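Read off the chains here:
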Amino acid sequence: MPAPDADLVLLESCVREAGKIARGFFGGSYKQWDKGKGNPVTEADLAVDKFLREKLCAARSDYGWLSEETEDDAQRLKAETVFVVDPIDGTIAFMKGRPHFTICAGTVKDGLPVTGVVYNPITEQCFTARAGNGAHLNGAPIKVSERATLEGCRMLADKAMLAHPAWNNPPNRPWPPMEIETRNSIALRMALVGSGEFDAMMALSSKHDWDMAAAEIVVTEAGGNVTTHTGAKPHYNQASTLQPSIVAAGPKLHALLMERVSHLNLPRGSDRR
């Protein structure tokens, strides 16, 4: 079994190479189609997926594989360690020529992330982390913010979600004024919390393992908390790849968010990527 640091070196090398493929498509013309309502895919997604699958699986033939753009294989459930990959997280941003997408790859063992890389090949931000070794942005250590108040915090979330009447009527308190932005890439939202550029992020509708696994360890190794809206810790590489929601922030702010969202009966489709 390779050491976790060897896996992280492998992941970062391959993800950065895959970034060259994504940059080759970005802003150009390419085939695109819809896998389902609001779920687009492009030639770039498939090209990056193919490259990463071939490179990573050749280097670690005993690891399982889970990717948004590869047909699911139940054999991954028998593997001790599994690659969890999103070849382009934020495909809508990619298609619109916006630099708010990432290439994400991580390893998961016993349902928990061990290593993770979240790479934006346009801005050249490469977030990396492995269990017990902290989180880094382009090699420099990063930490979550220590903010302990919601008012004025830098929040990555959907404004319409936060304005939903169900979350602003008793017994809830109205949300205080916050600096709210969003990014199409869930992993980028999480990584920006890990780096302290933003204080928190929320996505209060279901996501998938590949949206979250690589970025979760970036946040937690940077000192933050990542849970569902009920406070449960995500577990990955289960039979279902769905995660119900996600809340990520530094410990103090995370606790305040839990006070507001942990009891919610969330409407479906409340968050838009």
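Structure shown above.
One numbering rule holds for all chains: residues counted from 1, following each sequence as written. In keeping with the model being predicted, local features are shown solely for residues with a pLDDT of at least 70 and side-chain atom pairs are shown and tallied solely at 80 or more, while totals for entire chains, interfaces and linings include all residues. Remark: hydrogens and water are excluded; side-chain values derive from all non-hydrogen atoms of the structure.

Structural notes on the sheet that holds strand β11 (residues 179-181)
Spatially, the 5 strands line up as an open sheet ordered β11-β10-β12-β16-β14, and their pairing is mixed. At either margin of the open sheet sits one strand with a lone partner, and together these are β11 and β14 (225-227). Averaged over all adjacent pairs, the angle separating strand axes in this sheet is 15°, with direction ignored. The rule for pairing is simple: two strands pair if DSSP sees at least two bridges between them. Secondary structure follows DSSP: runs of H or I at least 4 residues long count as helices, runs of E at least 2 residues long count as strands, and numbering of each begins at the N terminus. When strand β10 (residues 154-156) meets strand β12 (residues 200-203), the two strands line up parallel, connected through 2 bridges. From the neighbouring strand, M155 faces β12, where its bridge partner is A200. In the packing of helix α6 (residues 209-221) onto the sheet, the strands contacted are β14 and β16 (246-249), and the crossing angle to β14 comes to about 145°. Axis geometry follows a simple rule: fit a line to the C-alpha atoms, using only the stretch in contact for helices, then measure angles between N-to-C directions, giving values from 0 to 180 degrees. Note on definitions: a residue-residue contact is assigned when non-hydrogen atoms from the two residues lie within 4.5 Å.

As for the pattern of salt bridges
Here, a salt bridge means any Lys or Arg side-chain nitrogen found within 4 Å of an Asp or Glu carboxyl oxygen. Following the criterion strictly, the structure yields 14 salt bridges and no others. Residues D199 and R154 are paired through a salt bridge, measuring 2.8 Å at the closest nitrogen-oxygen approach. On the criterion of sequence distance, the pair formed by D199 in the loop between α5 (186-194) and β12 and R154 in strand β10 is long-range, its members being 45 residues apart. For R154, a relative accessible area of 29% translates into the label partly exposed. Ionic pairing is found between E216 and K233, a salt bridge with its closest N-O pair at 2.9 Å. Taken together, the residues span a long stretch of sequence, with E216 in helix α6 and K233 in the loop between β14 and β15 (242-243) at a distance of 17 residues. Partly exposed describes any residue whose relative accessible area lies between the buried limit of under 20% and the exposed limit of over 50%, with all areas from a 1.4 Å probe on protein chains only and scaled to the type maximum.

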